[in-house]
Every structure is written in C-alpha cells, then in structure tokens.
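Close look at the chain arrangement
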Amino acid sequence: MQSSTIPWVVVGLDNGGNANNATVLDATGKFLVDRLFENPSRVLEGPEAAVEALATSFSSVLAHVGVAAESVRAVGLDTPGPASAEGVISSRGSTNFAHPGWRTFDFRGAVEARLGVPVVYNNDGNAAALYAHYQLFGLLAGQRSSISAIVGTGLGGGVIVQGNVVKGAAGMAGELGHVHIPMDGLLGPGQPTPHCNCGFDGDAESVASLTAIEKNLLPYWLSQFPNHELAQQSSMSKAAKLVRGYGERQDPLALRIFERQAIALGRLFTIAANFTDPDAYFVGGGVIEAEPSFREWFLNTVKAHTALREEQTRVARFEIVPDLDKAGARGAAIAALEHVRGAEIAARLTGQ
Ligand SMILES: [Zn+2]
C-alpha cells in the first residue's frame, strides 16, 4: 500500500448547540491543534445547514494545520443526544435538534456522504469520557476501564471498558443520569423525591445537574435558609446559575446543595463499582471548572460517598475530566483513530 508511507491523520468534529469545535490527530496519537477551533454550528437551521457547517469546520481545521483532505483516513463526529449508536437523531428531537428536519435524521451518514471519508459517531458525553480515559491511561488505555460523570444542564458521561466506549444495543448504554440511586439520607426532612426530565423520580440527574439545582435542590434549600440573598432573584433559573459562585465563597446553603450532588455522584459510582469495577472514576462539568479548593472538596466528597471494597480502594483513581471544552472533539478523534487501527488489523488478519 503506497499510502502507508504518507503521514495520515484523523479529524475530530464536536457538534454543539452554537459552535462546532474541530481538531486533528495524527497517526502517532499527537493532537495538531492545541486550542479551541470553532465555527458556528447552525444546528437551529436544520440538518442541511449543519452538515455544511461541519464541512466548513473540516476544511478550515485542515487548512489551519496545513494538511490536505486526502490525508484524512477517518472523521470522528460527536453531538449531544439523544441519538442512536449509529448517529441517527431521535424521532422525538431534542433541545439542540428542535428543527423538524432532524427527527430520525442520519447525521453520521450525511456527514460521511458530504466529506467522502468514513465517519465514526459518539454522543458528546461518550466522546469526552473517551478523551479523559486516554489522557489518563495513555498506552495502557486499552487495558483499563473508567466511568465519567459530567455535570451540566443534565448529567452526561460515559462508560469505557478496556479502552472502548460501551454503547449498548440501542445506543443507550452509559446514560448515567437516568440510573436510579438510593435517596435515603440524601434528601432533607420533608423534601419530595426529585423528579427528572426523563420521567423518572430519584435518578442521578434529578440531583446532580444544573436543572436539578433549579427544580429540586434550590427550592428546597431556600425553604431552609429563607433569608438567603438568592431568594431575591427574579427566577429560580437565574438563581440556580449563581449557586456555584456562592459555593466557591463557602456559602452554607450552596455547600449543602453541592454536597447533595457529590453524594449523588458517589452513590452512582458505587453502582458502577459493582457493575464494571472501573480503574478510574472521572467527574467533569461546571462544578469542576471551579476554584481549585472547591473542586478538590467536591471530588473528595464524591470519593467519600463511593463505597468501594478494600481491594478496589487500592487501585481506584478519582480524577477530573481534563480540558472539558476540547474533550468532545478530542475524544471523537480518538474514536476515529481506533477505528482506522482496527480496520488495519482486520485487513491484515484477512490478508487484504
Ligand atoms: Zn432521568
């Protein structure tokens, strides 16, 4: 094969509500872009505009690093969910994909057809989880397992086993936010069981998400701290976004709220410990993009509430998801690189 002597790359494209972020990863596993490389994602205009916007991301990031499109072996694409394991957007649409054209749209297939190279799909939580995993374990990534919980508007993340994203039959594995966790001792006296947007009561996202602060935690804890400044805010949604800043300043109400979230993540990780017994437990999201001492307190609280067996405590690591703004594109690129390597090995085994 003459192409084996030519350096090749893969491209990672992270599709978000407002912007795409693109990166380039070479065959040796080195990222050629060290910053955010963004352009408008145009998802609100529907699939056609969004696919064109991704084609623009693709060509501009290649121009930026001075690599020809012919050198690209595969593209990794990640988007917010819900979508199938193969990148078909849910029939019910979602916040990001509200335009009717998105329903059951084969996003992965359309990007592949437009770019003319194989496209590997992951949801954004899985892509970020994959990046965190490779960043921590490096060459041992294929022999290690991890779980990542990323606290944002919802609770995302992913499960990695032996270096691979666990996607599930319908693409719904690793939906950590909707795993039920014990509520006993997590709720305050008289606090109703928190409700999640997915329809469940008492799942992890119903406590550990920004939505949970607005809908469940803040209303309850303000009733316990009725003179708190946050009660003066015009809406719960505005007040919810301010809670982290109060937490960093050691405000007692805010610390109670984040303590509840950390306990919820610890209980979720306790389930993971008995399910996949991972080498590493990652926490990411706004709560971690905070002032270092607050971040440390939060991660330690999660750890303190993760019930591990003695054998597990000797190996388990608690870490943060690094470079969260770049993690989606980078994880998507890693998935594309693994795809190319897997295809090469398969070709060798079958003698092609
Ligand atoms: Zn849920």
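Anyway, here's the lowdown on the structure attached to this text. (Residues numbered from 1 in each chain as written. Predicted model: local features only at pLDDT ≥ 70, side-chain atom pairs only at ≥ 80, totals over all residues. Heavy atoms only, no water.)

1. Observations concerning the coordination of the zinc ion
Six octahedral donors around a metal ideally make angles of 90 or 180 degrees; four tetrahedral donors ideally make 109.5 degrees. Within the protein, the zinc ion binds to His178 (ND1), Cys196 (SG), Cys198 (SG) and Asp203 (OD); these donor distances fall in the range 1.9 to 2.3 Å. Note that the zinc ion binds 4 donor atoms; their angles at the metal cover 102 to 118 degrees, and the shape is tetrahedral. Counting along the primary sequence, the residues that act as donors to the zinc ion give the motif H-x17-C-x1-C-x4-D. A residue is classified by how much of its surface remains accessible, and Cys198, at 39% relative accessible area, is partly exposed. (Donors = N, O, S within 2.8 Å, 3.2 Å for Na, K, Ca; no water. Tetrahedral: all angles 85-135°; square planar, octahedral: opposite > 155°, others 65-115°. Buried < 20%, exposed > 50% of the residue type's maximum accessible area, 1.4 Å probe, protein only.)

2. Digging into the pairing of strand E7 (residues 155-161)
The element E7 is largely enclosed, with a buried count of 5 among its 7 residues. Counted between consecutive antiparallel strands, the loop separating strand E6 (residues 146-151) from E7 contains 3 residues. Between E7 and strand E8 (residues 164-165), which pair antiparallel and follow one another directly, the connecting turn spans 2 residues, one of which, Gln162, has a positive phi of 50 degrees. (Helix = DSSP H or I, 4+ residues; strand = E, 2+ residues; numbered from the N terminus. Pairing = 2+ DSSP bridges.)

3. Focus: the pattern of salt bridges
The final tally for this structure, using the stated rule, is 10 salt bridges. Notably, a salt bridge pairs Arg314 with Glu310, separated by 3.0 Å at the nearest N-O pair. Arg314 gets classed as exposed once you look at its relative accessible area, which sits at 60%. Linking Arg341 and Glu338 is a salt bridge whose minimum nitrogen-to-oxygen distance equals 3.5 Å. Of this pair, Arg341 and Glu338 both sit in helix H9 (residues 324-349), 3 residues apart, which is roughly one turn of that helix. Among the ionic contacts, a cluster of salt bridges with common partners joins Arg256, Glu259 and Arg260. (Salt bridge = Lys/Arg side-chain N within 4 Å of Asp/Glu carboxyl O.)

4. Thoughts on the packing of helix H4 (residues 210-224) against helix H6 (residues 252-275)
Geometrically, a packed helix pair is captured by the angle between its two axes and the distance between the axes. Packing of H4 against H6 brings their axes to within 10 Å, and their N-to-C directions diverge by 135 degrees. On the basis of the axis angle, H4 is oblique to H6. In this structure, the crossing between H4 and H6 has a hand that is right-handed. On the side of H4, the interface is formed by Ile213, Leu217, Leu218, Trp221 and Leu222, while H6 contributes Leu253, Arg256, Ile257, Phe258, Arg260 and Gln261. Residue composition of the contact of H4 with H6, by class: 8 nonpolar, 1 polar and 2 charged. (Axes fitted to C-alpha atoms, helices over the stretch in contact; angles between N-to-C directions. Parallel < 35°, antiparallel > 145°, perpendicular 65-115°, else oblique. Left-handed = near helix turned anticlockwise from the far one by under 90°. Contact = heavy atoms within 4.5 Å. Nonpolar A, V, L, I, M, F, W, Y, C, P; charged D, E, K, R; others polar.)

5. Here we look at unusual backbone geometry
Omega for the bond connecting Gly81 with Pro82 falls within 30 degrees of zero, at -5 degrees, which places this linkage in the cis form. Although it is not a glycine, Thr104 adopts a positive phi angle of roughly 60 degrees. By the secondary structure assignment, Thr104 is in the loop between strand E4 (72-79) and helix H2 (107-115). On the accessibility criterion, Thr104 (51% relative accessible area) is exposed. Phi angles above zero are rare outside glycine, and Gln250 is one such case at about 65 degrees. Relative to the helices and strands, Gln250 is located in the loop between helix H5 (236-248) and H6.

6. Section: a negative patch on the surface
Residues Glu38, Glu289, Asp323 and Asp325 make up a contiguous surface patch of negative charge. Note that Asp325 resides in helix H9. On the accessibility criterion, Asp325 (44% relative accessible area) is partly exposed. (Patch = residues over 30% accessible without salt bridge, like charges linked within 9 Å, V, L, I, M, F, W, Y side chains within 5 Å. Areas by Shrake-Rupley, 256 points an atom, 1.4 Å probe, with all protein chains shown as cover. Lys, Arg positive; Asp, Glu negative; His and termini not counted. Charge placed at Lys NZ, Arg CZ, Asp CG, Glu CD.)

7. Focus on the sheet that holds E4
Ordered by their spatial adjacency, 5 strands build an open sheet running E3-E2-E1-E4-E5, and the pairing between neighbours is mixed. Of all the strands in the sheet, just strand E3 (38-40) and strand E5 (119-123) have a single pairing partner and so form its edges. The mean inter-strand angle of the sheet, taken between neighbouring strand axes irrespective of direction, is 25 degrees. Both strand E1 (residues 9-15) and E4 contribute to a ladder of 6 bridges, which runs parallel. Within E4, the position partnered with Val10 by the bridge is Ala74.

8. What to know about helix H3 (residues 124-137)
With 14 residues, H3 extends 20 Å between its outermost C-alpha atoms, agreeing within 8% with the 20 Å of an ideal straight helix rising 1.5 Å per residue. Here H3 lies mainly inside the structure; 11 of its 14 residues are buried. Restricting attention to buried positions, one finds in H3 the residues Gly125, Asn126, Ala127, Ala128, Ala129, Leu130, Tyr131, Ala132, His133, Tyr134 and Phe137. Structurally, the start of H3 carries an N-cap: the backbone nitrogen of Gly125 is 3.0 Å from a side-chain oxygen of Asn123. Looking one or two residues beyond H3, the residue adopting positive phi is Gly138, at roughly 50 degrees. (Expected span 1.5 Å × (residues − 1). Polar contact = N/O pair within 3.5 Å; in protein donor to acceptor, adjacent residues only side chain to side chain.)

9. Here's the deal with the sheet that holds E7
One open sheet holds the 5 strands; their spatial order is E8-E7-E6-E9-E10, and the pairing between them is mixed. Each having just a single partner strand, E8 and strand E10 (317-320) make up the two edges of the open sheet.

10. Notes on the packing of aromatic side chains
Per the counting criterion, the structure on display carries 13 aromatic pairs. Residues Phe258 and Phe294 carry aromatic rings whose centres are separated by 5.3 Å and whose planes lie at 85 degrees to one another, so their mutual orientation is edge-to-face. Highlighted residues: Phe258 in helix H6 and Phe294 in helix H7 (residues 292-304), separated in sequence by 36 residues. Accessibility assignment for this pair places Phe258 and Phe294 in one class, buried. Pairing Phe294 with Trp297 gives two aromatic rings, centres 5.6 Å apart and planes at 40 degrees, and the pair type is tilted. In this pair, Phe294 and Trp297 are both assigned in helix H7, 3 residues apart and thus about one turn of the helix distant. Linked through ring pairs, Phe97, Trp102, Phe105 and Phe107 together constitute an aromatic cluster. Arg249 extends its terminal NZ or CZ atom over the ring of Tyr246, reaching a point 4.8 Å from the ring centre. Above the face of the Phe31 ring, Arg330 is positioned so that its terminal group lies 4.4 Å from the ring centre. (Phe/Tyr/Trp six-rings, centres within 6.5 Å; stacked < 30°, edge-to-face > 60°. Lys NZ or Arg CZ within 6 Å of the ring centre and 35° of its normal.)

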